[in-house]
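Chain residues, written in single-letter form:
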Amino acid sequence: MNAPVFSFTDNLDMGRVADFPILSRPVRDKRLAYLDNGATTQKPQSVIEAESKFYLQSNANIHRGVHWLSQHATDLYEEGREQVRLLLNAANSKEVVFTRGTTEAINLVAYSWGRSCLKAGDEIIVSGLEHHSNIVPWQLVCEQTGAVLKVVPVNEDGTLDLSVYKQLLGPRVRMVAIAHVSNALGTINPVVEMTRLAHAAGALVLVDGAQAIAHQVVDVQEIGCDFYAFSGHKLYGPTGIGALYGRYDLLQSMPPWQGGGDMIRTVSFEHTTYAEVPQKFEAGTPNIAGAIGLAAAIRYVRDIGLDNIAAHEHALLVYGTEALQTIPGLRIIGTAPRKAGILSFVIDGIHPHDLGTILDMEGVAIRAGHHCAMPVMTRFGIPGTARASLALYNSREDIEALVSAIGVAQKLFGVER
Ligand code: PMP
């Protein structure tokens, strides 16, 4: 691991704040403490410039044009694919399919692989802490094929019960679809071990990397997974772009899921043949500017080093956890030993939505609710949590703003500190 290049304990991270123009704007006449990074991250100047430069200088449709601008735009778009390959350490850029984001990537696998490969009685394993986008696509494909969904239970600290997981891995299991990091609890799941066990049982593995991609080094070859999904907007990149990594031989064997331009080789009314991967899965004009913005975002985080980002966020998570634990009536939900920078909590006597609204009045942006992970809220017997989620530009000052705004809320609600 490289030595951290910046740390919240000194002020070097202030340079990082300056990279993000939006962070210097006040909100409700207060200094903005943006702690909603699990929902989406802010964008550095370099990403904003890469997108607008594309429209200013390079805009054309890709892959189909004979003219210079089209070829230039195609090169930039394909360079984005190469950046994703580098980020994930995939062996081949043909294993990278651009999608709208994590949700679309998971739906692609559920529809293409699931509908063509699953039979009645086959099993799909998910975990009890999944985001709805790693539950509902599998439920839909189960309805269509007669496959059955099995669920790995969540322990009290937010880790997964691996002994039950091992029992669930029977001969009918065809797919294990699991979050790398839980968006509601912050738990980092042992995806390397879970993948090894799934493969030993003859199942494929899809990892939902939405909450991991910006916060740690991700190496799909080291994980050994068959599919890995992520969204650009959670990685300091644009919305509407993300990617699916898929093992080359698997992608080759899967049927297309959307038909249209760019995904074909030949079309006649009698018979249509399809393009090679990844184009086979990229029907229609894609988000070209988004892919170029995503490439800029990947360059940005790789320049800093994802190890350094992880170290910074971990230090801040430890600081934030200790600070929140001193607040009477506050309970942190999700206390796994291996956690990403997510602080989910409930406070006696204050509904998370009320808390979110009061914090907002103090310039502190957090998320309140079920975080699109209703089953895990049910597991903990709560309607929702307040969630502060960290990014590379957060500092101790943001945590202090959070703690002091919680004090304001407790006073308003007559909950004494
Ligand atoms: N999975 C997880 C774990 C997430 O946190 C999210 C976004 N909150 C998603 C999937 C869906 O991502 P997107 O909306 O960008 O497709």
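Note on numbering: residues in each chain are counted from 1, in written sequence order. The predicted origin of the model limits local features to residues at a pLDDT of at least 70 and limits the giving and counting of side-chain atom pairs to 80 or more, whereas totals for whole chains, interfaces and linings rest on all residues. The side-chain numbers reported here are obtained from all heavy atoms of the structure, hydrogens and water having been left aside.

**Re the sheet that holds strand β15 (residues 385–389)**
A strand pair is defined by DSSP finding two or more bridges across the two strands. Numbering of helices and strands starts at the N terminus; helices are DSSP runs of H or I of at least 4 residues and strands are runs of E of at least 2. The 4 strands lie next to each other as β11-β12-β15-β14, forming an open sheet whose pairing is antiparallel. At either margin of the open sheet sits one strand with a lone partner, and together these are β11 (330–332) and β14 (367–369). Taking the axes of each pair of neighbouring strands and ignoring which way they run, one obtains an average angle of 30° across the sheet. Pairing of β14 with β15, which is carried by 3 bridges, proceeds in the antiparallel orientation. The partner of A368 across the bridge, within β15, is A386. Two residues form a contact once any of their heavy atoms are found within 4.5 Å. An axis is simply a line fitted to the C-alpha atoms; with a helix, the fit covers only the stretch in contact. Between two such axes, the angle follows the N-to-C directions and lies from 0 to 180 degrees. Of the strands in this sheet, β12 (342–347), β14 and β15 are in contact with helix α12 (residues 352–361), which crosses β14 at around 160°.

**Examining the sheet that holds strand β6 (residues 204–208)**
Strand order in this open sheet of 7 strands is β2-β8-β7-β6-β5-β3-β4, and the pairing throughout is mixed. Either end of the sheet is taken by a strand with one partner, and the two such strands are β2 (96–99) and β4 (148–152). Between one strand axis and the next, the sheet turns by 20° as a mean value, whatever way the strands run. Here β6 pairs with strand β7 (residues 227–231) via 3 bridges, running parallel. Residue pairing for β7: L206 is matched across the bridge by F227.

**Looking at the site of the ligand**
In these notes, residues near a molecule or strand are those with any non-hydrogen atom within 4 Å of it. The immediate surroundings of the ligand are formed by T102, T103, H131, S133, N183, D208, A210, Q211, S231, H233 and K234. T103 places a side-chain nitrogen or oxygen 2.5 Å from an oxygen atom of the ligand. Here the Shrake-Rupley method, with its probe set to 1.4 Å, supplies the accessible areas, and only the displayed protein chains count as covering residues. In the complex, 85% of the free accessible area of the ligand, which totals 400 Å², lies under the protein chains. Gly falls in the polar group here, along with every residue not listed as nonpolar (Ala, Val, Leu, Ile, Met, Phe, Trp, Tyr, Cys, Pro) or charged (Asp, Glu, Lys, Arg). The residue inventory of the shell around the ligand, partitioned by class, reads 1 nonpolar, 8 polar and 2 charged. A 3.5 Å cut-off defines polar contacts: any pair of N or O atoms within that distance qualifies, except that in protein one atom must be a possible hydrogen donor and the other a possible acceptor, and neighbouring residues in sequence count only when both atoms are side-chain atoms.

**Remarks on the nonpolar core**
Put simply, a nonpolar core is a bunch of buried Ala, Val, Leu, Ile, Met, Phe, Trp, Tyr and Cys residues held in one set by side-chain atoms that sit within 4.5 Å of each other. Per-residue accessibility, obtained with a 1.4 Å probe over protein chains only, is compared with the maximum for each type, and a residue is labelled buried under 20%, exposed over 50%, and partly exposed between these values. Y165, V176 and Y228 are the most contacted members of the largest nonpolar core, which has 80 residues in total. Each domain's extent was defined by an automatic or database domain assignment. For this core, the domains that each give at least three residues are domain 1 (14–43 + 305–412) and domain 2 (48–303). Setting aside residues up to four positions removed in sequence, Y165 forms contacts with I125, V152, V176, M194, L197 and A198. Among the nonpolar cores identified, the runner-up in size contains 28 residues, and I332, L343, L359 and I366 belong to it.

**Comments concerning the environment of V191**
Tracing the chain through its elements places V191 in helix α7 (residues 191–200). C-alpha of V191 to C-alpha of F227: the two residues are 36 residues apart in sequence and 12 Å apart in space. Discounting residues that sit within four places of it in the chain, V191 has contacts with I178, A179, H180, V207 and I223.

**Quick notes on unusual backbone geometry**
Cis geometry is found at the peptide bond from V277 to P278, where omega equals 5°. The phi dihedral of D262 is positive, around 75°, even though this residue is not glycine. Checked against the element boundaries, D262 lands in the loop between α9 (248–253) and β9 (264–267).

**Details of the packing of aromatic side chains**
A ring pair, where both rings are aromatic, is described by two values, the distance of the centres and the angle of the planes. Ring pairs shown here join Phe, Tyr and Trp side chains whose ring centres sit within 6.5 Å, with only the six-membered ring taken for Trp; geometry is labelled stacked below 30 degrees between planes, edge-to-face above 60, and tilted in between. Scanning the model with the defined rule gives 7 aromatic pairs in all. Both rings, one in Y236 and one in Y393, keep their centres 5.9 Å apart while their planes meet at 80°; by these two values the pair is edge-to-face. In this pair, Y236 is assigned in the loop between β7 and β8 (242–246) and Y393 in the loop between β15 and α14 (396–412), connecting sequence segments 157 residues apart. Note on Y236: relative accessible area 0%, which makes it buried. Judged by relative accessible area, which is 2%, Y393 ranks as buried. Ring pairing ties together the aromatic residues F20, Y236, Y300 and Y393, which thus form one cluster. Both a distance and an angle decide whether a charge sits over a ring: NZ of Lys or CZ of Arg must be within 6 Å of the ring centre and within 35 degrees of the ring normal. Seen from the ring of F380, R379 lies directly overhead, with NZ or CZ sitting 4.7 Å from the centre. Positioned over the ring face of Y319 is R396, at 5.3 Å from the centre of the ring.

**Points about the domain arrangement of the protein chain**
The domains assigned to the protein chain are domain 1 (14–43 + 305–412) and domain 2 (48–303). Distance from the C-alpha centre of domain 1 to the C-alpha centre of domain 2: 28 Å. Taken together, the contacts link 41 residues of domain 1 with 38 residues of domain 2. Together, the buried faces of domain 1 and domain 2 total about 3,100 Å²; carbon and sulfur atoms form 56% of this surface. Accessible-area loss on putting two parts together, using a 1.4 Å probe and summing over both, is the definition of buried area adopted here. The largest per-residue losses of area from domain 1 upon contact with domain 2 belong to K43, L306 and R338, which jointly make up 19% of the total buried on that side.

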